[in-house]
Amino acid sequence: MTLPAQRHGTDPGGELAEPGFWQQPPAHRLAAFARLRAADGPVFVPEGSGRGHWALVRHAQVQEASRLPKVFASAPGVTTPEPARWVRALFGDSMVNLDGPDHAQLRKIVQRAFTPRLLAAAEADIHAVAARIVDDVLAERPDEFVSAVASRLPLEVICNMMGIPEHYRAEIADRVNHASENIGVERGLASRLRMPGRGLRALARMQRMVAGIGRERRKHPTDDLISALVCANVDGQALGARQLGAFFSLLMVAGVETTRNAITHGLSLLTDHPDQRDLLLSDFEKYADGAVDEMIRHSTPIIQFRRTVAAEHAMDGHVFRPGDKVVLYYASANRDEAVFPDPDAFVITRSPNPHLGFGGGGPHFCLGAHLARVEMKALFRELLTRPVGLRAVGLPDLAGSNFDNRVRSLRFAFERP
């Protein structure tokens with residue numbers, strides 16, 4: 001899409017296109033989003049060479065676009081920049097980048113694999129893993145939360161559910177870090193030339209690894225998710241090697257990273273708001289579900305996803321044309337004053353809380369939403385109700401990404417010896 005030259009440099013959305021914007025403190029970014037929400041309609045964000053995207057920053061805008069996939073298409077890609085054609089050809093299309101029948105068929109296969117029996121086993125495993133992680137923390141007394149706690153839970157749960165052998169897991173964790181560490185982060189020229197290759201190599205090795213496991217499970221299925229995905233169901237549908245690799249990469253990079261970041265932000269929020277922590281501890285089972293949803297709303301682990309306009313559509317006084325690019329800014333929608341009174345406050349009793357932390361609805365609503373909530377609730381139950389309390393020390397070290405609200409590290413300490 002090309003816009004008249006006079007728009008460039010004067011558009012109120014121009015700040016979002018500056019790499020330095022995403023390095024600013026969260027309060028600066030939130031204030032900028034508040035100004036954009038006050039605009040008359042969608043705001044244009046120039047991206048150089050006359051191209052750019054329209055920013056959807058209001059809750060209603062993001063919901064509307066999410067629920068009209070025939071108008072706001074996920075293909076050719078939801079990330080910024082969009083995946084290159086050769087990358088898609090080599091690694092296969094992730095479910096988040098598909099539309100229509102292709103997306104529906106893949107999602108149907110995956111949903112059918114999540115049988116009630118598998119989900120019940122996964123939930124039991126979540127509680128066991130959370131307890132074991134906190135046992136280790138109390139025994140070893142580490143001081144960095146992301147590596148010691150927040151990363152471990154979703155990684156172990158997904159690997160257990162998928163049926164990944166133990167001897168692969170350390171390598172998978174390393175590959176996940178390499179594949180995702182620079183998504184949405186501005187880097188110098190040398191790093192930009194070097195890191196994409198490193199990330200793609202990590203992704204390729206991870207997908208080859210899971211493809212090999214898939215081949216073995218086709219011959220000798222077991223009671224795990226990989227077996228359910230690669231063995232044909234009653235409709236004769238199953239995932240091929242590339243589809244399995246793409247789905248596993250999505251689980252690892254999206255499922256592990258987002259839950260990890262939500263957990264880390266959660267500890268920081270409870271530390272910064274002792275009144276809300278005290279309320280949660282006064283009756284954990286009563287307030288835990290609301291606390292988890294408020295942590296997700298407040299932190300919004302995925303900041304934005306991109307869409308490509310496939311059909312003309314009017315929204316808030318603006319007409320989108322085919323080929324236009326739009327970006328759904330979940331981080332802004334989750335602070336929309338029209339939906340969330342006092343949106344910057346952290347209130348675990350907020351009700352209703354229709355946050356868009358798992359997407360705006362429609363066919364791309366997060367498949368892992370339920371398990372993520374169970375993981376967070378189980379872990380915070382263990383962290384907060386043991387005799388030794390934990391608190392964050394200092395501010396989270398944020399990655400400065402325009403894609404996800406990633407935390408590199410967070411120091412933490414024990415309240416009692």
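Draft legend 1. Spatial organisation of the overall build of the protein. A count of helical and extended segments in the protein gives 15 helices and nine strands. For the protein, buried positions account for 53% of its 417 residues. In the protein, 71% of the contacts between residues at least 6 apart in sequence involve partners at least 24 apart. As displayed, the protein has an accessible area near 18,100 Å², and 55% of this comes from carbon and sulfur atoms.

Draft legend 2. Geometry of the pattern of salt bridges. As enumerated under the stated definition, the model contains 24 salt bridges in all. We note a salt bridge from Glu156 to Arg132, for which the minimum N-O separation is 2.7 Å. Within this pair, whereas Glu156 is found in helix H7 (residues 152-162), its partner Arg132 is found in helix H5 (residues 116-140), the two being separated by 24 residues in sequence. On the basis of relative accessibility, which here comes to 17%, the residue Glu156 falls in the buried class. Through salt bridges with shared partners, one network takes in Arg132, Asp136, Arg152 and Glu156.

Draft legend 3. How the structure looks around the packing of aromatic side chains. Overall, the coordinates contain twelve aromatic pairs when judged by the stated rule. Among the aromatic residues, those joined into a ring-pair cluster are Phe21, Trp22, Phe33 and Tyr329. Directly above the ring of Phe414 sits Arg141, whose terminal nitrogen or CZ lies 4.2 Å from the centroid. Across the ring face of Phe340, the terminal group of Arg297 is positioned such that the distance to the ring centre comes to 5.2 Å.

Draft legend 4. Structural view of the packing of H5 against helix H15 (residues 369-385). In the contact formed by H5 and H15, the axes pass within 9 Å of each other and the chain directions differ by 30 degrees. Comparing the axis directions of H5 and H15 gives the class roughly parallel. When you trace H5 past H15, the crossing you get is right-handed. On the side of H5, the interface is formed by Leu119, Ala122, Glu123, Ile126, His127, Ala130, Ala131 and Val134, while H15 contributes His370, Leu371, Val374, Glu375, Ala378, Leu379, Arg381, Glu382 and Leu383. Looking at side-chain class alone, the contact of H5 with H15 contains eleven nonpolar, two polar and four charged residues.

Draft legend 5. Broad picture of unusual backbone geometry. Cis geometry is adopted by the peptide bond preceding Pro76, which originates at Ala75 and carries an omega value of 5 degrees. If you trace the backbone, Pro76 turns up in the loop between strand S3 (72-73) and helix H3 (85-91). Cis rather than trans, the peptide bond between Ser351 and Pro352 has omega equal to 0 degrees. Within the secondary structure layout, Pro352 lies in the loop between helix H14 (330-333) and H15. The backbone phi angle of Asp342 is positive, close to 50 degrees, even though this residue is not glycine. Relative to the helices and strands, Asp342 is located in the loop between H14 and H15.

Draft legend 6. Layout of the sheet that holds strand S4 (residues 304-309). A sheet is described by the order of its strands in space; here five strands give the open sequence S1-S2-S7-S4-S3, paired in mixed fashion. Two strands close off the open sheet at either side, each with one partner strand: strand S1 (43-48) and S3.

Draft legend 7. The pairing of S4, seen in detail. Counting buried positions along S4 yields six of six residues, so the element is predominantly enclosed. On S4, burial covers both faces: Gln304, Arg306 and Thr308 on one face and Phe305, Arg307 and Val309 on the other are all buried. Sheet topology note: the S4/strand S7 (residues 325-329) ladder contains five bridges and is antiparallel. Looking at S7, one finds that Phe305 is bridged to Leu328.

Draft legend 8. Just the confidence of the model for the protein, in detail. Averaged over all residues, the pLDDT of the protein is 88; the fraction at 70 or higher stands at 89%. A low-confidence stretch, residues 1-10 stays under pLDDT 50, and its non-local contacts, those more than four residues away or across chains, total 15 contacts.

Draft legend 9. Layout of the packing of helix H11 (residues 241-272) against helix H12 (residues 274-282). Packing of H11 against H12 brings their axes to within 5 Å, and their N-to-C directions diverge by 105 degrees. When the interaxial angle is binned, H11 and H12 end up roughly perpendicular. Along its contact with H11, which presents Leu270, Thr271 and Asp272, the element H12 presents Pro274, Arg277 and Leu280. Considered class by class, the residues forming the contact of H11 with H12 number three nonpolar, one polar and two charged.

Draft legend 10. Summary view of the side chain of Thr300. Examined against the element boundaries, Thr300 turns out to sit in the loop between helix H13 (284-299) and S4. For Thr300, a relative accessible area of 2% corresponds to the buried category. Ignoring any residue separated from it by four or fewer positions in sequence, one finds Thr300 in contact with Met295, Tyr330, Ala331, Asn334 and Asn405.

The rules behind the values
Residues numbered from 1 in each chain as written. Predicted model: local features only at pLDDT ≥ 70, side-chain atom pairs only at ≥ 80, totals over all residues. Heavy atoms only, no water. Helix = DSSP H or I, 4+ residues; strand = E, 2+ residues; numbered from the N terminus. Buried < 20%, exposed > 50% of the residue type's maximum accessible area, 1.4 Å probe, protein only. Contact = heavy atoms within 4.5 Å. Areas by Shrake-Rupley, 256 points an atom, 1.4 Å probe, with all protein chains shown as cover. Salt bridge = Lys/Arg side-chain N within 4 Å of Asp/Glu carboxyl O. Phe/Tyr/Trp six-rings, centres within 6.5 Å; stacked < 30°, edge-to-face > 60°. Lys NZ or Arg CZ within 6 Å of the ring centre and 35° of its normal. Axes fitted to C-alpha atoms, helices over the stretch in contact; angles between N-to-C directions. Parallel < 35°, antiparallel > 145°, perpendicular 65-115°, else oblique. Left-handed = near helix turned anticlockwise from the far one by under 90°. Nonpolar A, V, L, I, M, F, W, Y, C, P; charged D, E, K, R; others polar. Pairing = 2+ DSSP bridges. pLDDT = per-residue confidence, 0-100.

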